[in-house]
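Below are the chains, spelled out letter by letter.
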Number of protein chains: 2
Amino acid sequence: MNEVETTTSAIGPGTGGEPSRLALRRVLIDTYHENVAYMHRDCEVYRAEGFKALSKVEVRTNGHSILATLNVVDDASIVACGELGLSKAAFEQLAVLNGHTVTVAQAEPPESIGALHRKLAGERLGLDDFRAIVRDITEHHYSKIELTAFVVAANRDELDREEVLFLTEAMVEAGHRLDWQEPLVVDKHCIGGIPGNRTSMLVVPIVAAHGMLCPKTSSRAITSPAGTADTMEVLAEVELPVEQLQQIVHQHRGCLAWGGTANLSPADDVLISVERPLALDSPGQMVASILSKKIAAGSSHLVLDIPIGPTAKVRSMPEAQRLRRLFEYVARRMKLSLDVVITDGRQPIGFGIGPVLEARDVMRVLQNDPRAPMDLRQKALRLAGRMLEADPDVRGGDGFAIARDILDSGRALKKMNDLIEAQGSRHFDHGHPQLGRLSFEIRAHGTGVVSGIDNLQLARIARFAGAPKVKEAGVDLCAKLGDEVQDGDVLYRVHASYPADLEFARQACARSSGYRIGRAEDVPHVFVEF
Amino acid sequence: MNEVETTTSAIGPGTGGEPSRLALRRVLIDTYHENVAYMHRDCEVYRAEGFKALSKVEVRTNGHSILATLNVVDDASIVACGELGLSKAAFEQLAVLNGHTVTVAQAEPPESIGALHRKLAGERLGLDDFRAIVRDITEHHYSKIELTAFVVAANRDELDREEVLFLTEAMVEAGHRLDWQEPLVVDKHCIGGIPGNRTSMLVVPIVAAHGMLCPKTSSRAITSPAGTADTMEVLAEVELPVEQLQQIVHQHRGCLAWGGTANLSPADDVLISVERPLALDSPGQMVASILSKKIAAGSSHLVLDIPIGPTAKVRSMPEAQRLRRLFEYVARRMKLSLDVVITDGRQPIGFGIGPVLEARDVMRVLQNDPRAPMDLRQKALRLAGRMLEADPDVRGGDGFAIARDILDSGRALKKMNDLIEAQGSRHFDHGHPQLGRLSFEIRAHGTGVVSGIDNLQLARIARFAGAPKVKEAGVDLCAKLGDEVQDGDVLYRVHASYPADLEFARQACARSSGYRIGRAEDVPHVFVEF
């Protein structure tokens, strides 16, 4: 059988097929991680090319090219005929000036679209497939629809552990990778979901004070009322250029910075833009997201915290064990030494939820203030102890005591103050933290024991109150699990800075306070492995 | 255990919580089926409410409310501080004038979001879940991300047949339903994927000439180079008000109109807006989409055409049988009498691909012109024969001969001309159809037998040439499967009206002509059940 060969012979006029030229215009609309192109409906090019709303176009200039989703516009003041508008982020990718000539054509589908379709059809993908998909995601070749399709198709048990490894590897390769030139680089990470869980801000000073290298880069809040970067930002600058960050780490053995400037695993940031609105957090994606960031950040040892509780991300021990095995499988193949700890996730950690309130709790622990939350202190010491045991000179089981000594002696506080100074102090007044000036209290009706605190609802209330955008907003807990309360006792106080926020939070509390008062035997059991 | 009850007591100033008011502004951007709201970054309300790009907002005025995805804008000429911009379709849903005062707040998630999350987690949903989801989709409460998540989560075998039934039922309920006040209302439908397959335009006149009620509403092309509505529009008006459509049907026993004006199964149109870019067409969604439209259109009997071929939607007999059973299960439960026919889908039907070329083929068959494509004639007669056998007065097996008699005698042509006249003739010159003035030919290199024609590639070439938007553009086939061709023989001719379209089509042909020349024994087998 001979494959057909064909000749094309034009028999009509105008066979030129010159690409269509338009003047570039920056349209100041923030479409987040999606490239959007705007074209006037009466534009000669739009009409001739048979584009459709939402179809993909390829925009070229100066050897650069980007793909964008087309929105059709009927207002010449946004884009006129003969112009091509680009949303802010898309415009920046082309790196040329307003008015520059660009050509536009119907886009070929992204290179990896075949792999995406095979995943949608339920097939198993290989390393090269994931590399192609992650490259297209990183280069903004996927529309929001395609991104969502990938995230949902890779949800649940749709990825086997080999595919999770491939995805992790592809995500590491797609960004920068830091190299600290030392054999031992320790880090810790929590899978999230527990409000107030600011152990990193205690663990880093303890471990760094011991002399181990702990260059902690953290994220900002995605769905929570505060990420470590948001809370640290109350005390110090966190958006540091990579060079400054490296210099601080070399001098002080640690840092507490935002990871966004370092371009580590950039595909993760794009994927999060659709995972967040869908509240999707499947095991495979969680493992690839966390491990790709840690490996790209140059860590050699990682202590990973998986909290369990009725309103935590992980709700049972078998589920936690399955997740642990997946983390361990991928970490071993990526040559990352991993120590998984399963912790108590039945309620928020500490008292404060929201950047300022959490910073207050952290500083009280470091200052050995009697008002410091004991659960936050204990958890931080245990995690720091595990990290210290990565040091070959520390005997197994000794880590906790060493950590406690560093904390009690004030050496951890000293290290924290050094880090704040090095990153750029924001002069937070520990003694009198400024909380949101508007507030209300939620009180118990009836007497009994606090038998349930809903992590999700308290996070929601703190977010409605303004956290993390409004640093001084949030929730301050006055009663924790197992505490006896009398009718009328304050359960928690909500702080806000704007009336509208206060009202949103009040409505959320009215729907559900997040607290349950019952008997002592109603308090859920704790599953803890360490 | 007593559930907690709480009191809220405000202890700060400004407890008002007045909703935030903004002046409405129509932003002439076509975001297709997604509601988008535009707010200036410096707007007091944006800052205070802690909105984020891509978060959902609820916009209220005059008792109406809509949900929209937020885009943040830094250009006061698009929206200024104190204004809320809405994309075109979103603006129309509020039915108020520019400048009207609206209030805006963070949106509660759509009511059905819990059901969506359960589907994402792999759970089976009930009828009420599907009702809630379809209602939210119809009312534009879902963002593109949520829509895509639903479509992908309901992809493949994720819906069992009971769920497909529930989805179909919910989709019917969400729109209008026509009632023709007659016991026998016949219709036909093809699952699609075969270019040139314009049998409806032959079947409707034949069946209506016999006196059966056949009110055919068709779609426009979604991914194909022409839908029945696009091709019929060459001959007559197809966008008819529902009243006129009903009047034509009562007078002439049939019609060939676009279904979009009747608001039948409106959720389907929204779902298509994400299925189309992903090229997703899972069995469950196909069944729900097709049957919901037909049931809403008031059909009592449906002949359903499932073509099989190497480049058709369905590629094997077992797959076709599985699909048939799913269609039959849902149809029976919905009390629709269904007759599934499995047809030859190895190549395009007829010669022309594109609205004018297909209209030419159809009219040649009706006129008994010797140049008429025999395959189109034969297929239409067989389908019409099946439909005629729904008439209790027609004996099983007699349908084909009756249909042939109606066609050969000119009664079908007469009926078609009546329908064209009633819908509003567009004065198409059957004798000299106006084709795109630019064209090129694709010729065979080598001698042999046409052993493969790729439906997908020929559809793509016709679309690049401008079809269906440019009615006179498309592909005209000169050789079909099994034909012997000599070196240099013309395989097909491409017609376009614009140089850029011609060039896109030429590039597509250069990548692959879609034709394979081989030996007679290389022609794939045909699987036909009728």
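Conventions adopted
- Residues numbered from 1 in each chain as written.
- Chains lettered and ligands numbered in written order.
- Predicted model: local features only at pLDDT ≥ 70, side-chain atom pairs only at ≥ 80, totals over all residues.
- Heavy atoms only, no water.
- Axes fitted to C-alpha atoms, helices over the stretch in contact; angles between N-to-C directions.
- Helix = DSSP H or I, 4+ residues; strand = E, 2+ residues; numbered from the N terminus.
- Parallel < 35°, antiparallel > 145°, perpendicular 65-115°, else oblique.
- Contact = heavy atoms within 4.5 Å.
- Nonpolar A, V, L, I, M, F, W, Y, C, P; charged D, E, K, R; others polar.
- Core = buried A, V, L, I, M, F, W, Y, C linked by side-chain atoms within 4.5 Å.
- Buried < 20%, exposed > 50% of the residue type's maximum accessible area, 1.4 Å probe, protein only.
- Disulfide = S-S within 2.5 Å.
- Pairing = 2+ DSSP bridges.

## Regarding the packing of helix α4 (residues 127–138) of chain A against helix α10 (residues 266–278) of chain A
Residues and elements named next belong to chain A. Across the interface, α4 lies against α10 with an axial gap of 8 Å and an inter-helix angle of 75°. Accordingly, the angle class assigned to the pair α4 and α10 is roughly perpendicular. Taken together, the residues of α10 that come into contact with α4 (itself represented by Val 134, Ile 137 and Thr 138) are Pro 266, Ala 267, Val 270 and Leu 271. When the residues that make up the contact of α4 with α10 are grouped by side-chain class, the tally is six nonpolar, one polar and no charged.

## Considerations on the nonpolar core
Grouped together as the largest cluster of nonpolar side chains are 114 residues, with contacts concentrated most on A:Phe150, A:Leu291, A:Phe327, B:Leu291 and B:Phe327. Counting residues per element, this core draws most heavily on helix α12 (residues 317–333) of chain B, which supplies eight residues. Setting aside anything within four residues of it in sequence, one finds A:Phe150 in contact with A:Leu116, A:Phe130, A:Ile133, A:Ile137, A:Tyr142, A:Leu167 and A:Leu271. Core analysis: the next-biggest nonpolar cluster, separate from the first, contains 60 residues, B:Ala236, B:Val356, B:Leu366 and B:Ala403 among them.

## Observations concerning the environment of A:Arg325
Residue placement: A:Arg325 occurs in helix α12 (residues 317–333). Separated by 15 residues in the primary sequence, A:Arg325 and A:Val340 place their C-alpha atoms 9.3 Å from one another.

## A closer look at the packing of helix α7 (residues 200–210) of chain B against helix α16 (residues 411–423) of chain B
Residues and elements named next belong to chain B. The contact between α7 and α16 brings their axes to 8 Å, and the two run at 105°. Taken as axis vectors, α7 and α16 run roughly perpendicular relative to one another. Residue-level contacts link Met 201, Val 204, Pro 205, Ile 206, Ala 208 and Ala 209 of α7 to Arg 411, Ala 412, Lys 415, Met 416 and Leu 419 of α16. Its residues placed into classes, the contact of α7 with α16 shows nine nonpolar, no polar and two charged.

## Considerations on the state of the cysteines
Going through the model one piece at a time under the given rule, you end up with zero disulfides over all chains. Summary of cysteine pairing: A:Cys214 is not part of a disulfide, and the nearest cysteine sulfur, belonging to A:Cys255, is at 8.0 Å.

## Comments concerning the sheet that holds strand β9 (residues 186–190) of chain B
All names here are of chain B. Strands sit in the order β9-β12-β13 across an open sheet of three strands; the sheet is parallel. Among the strands making up the open sheet, the edge pair consists of β9 and β13 (337–344). The mean angle between the axes of side-by-side strands here comes to 20°, regardless of whether they run parallel or antiparallel. Alignment of strand β12 (residues 301–308) against β13, held across eight bridges, turns out to be parallel. Residue pairing across strands places Ile 308 opposite Asp 344, the latter belonging to β13.

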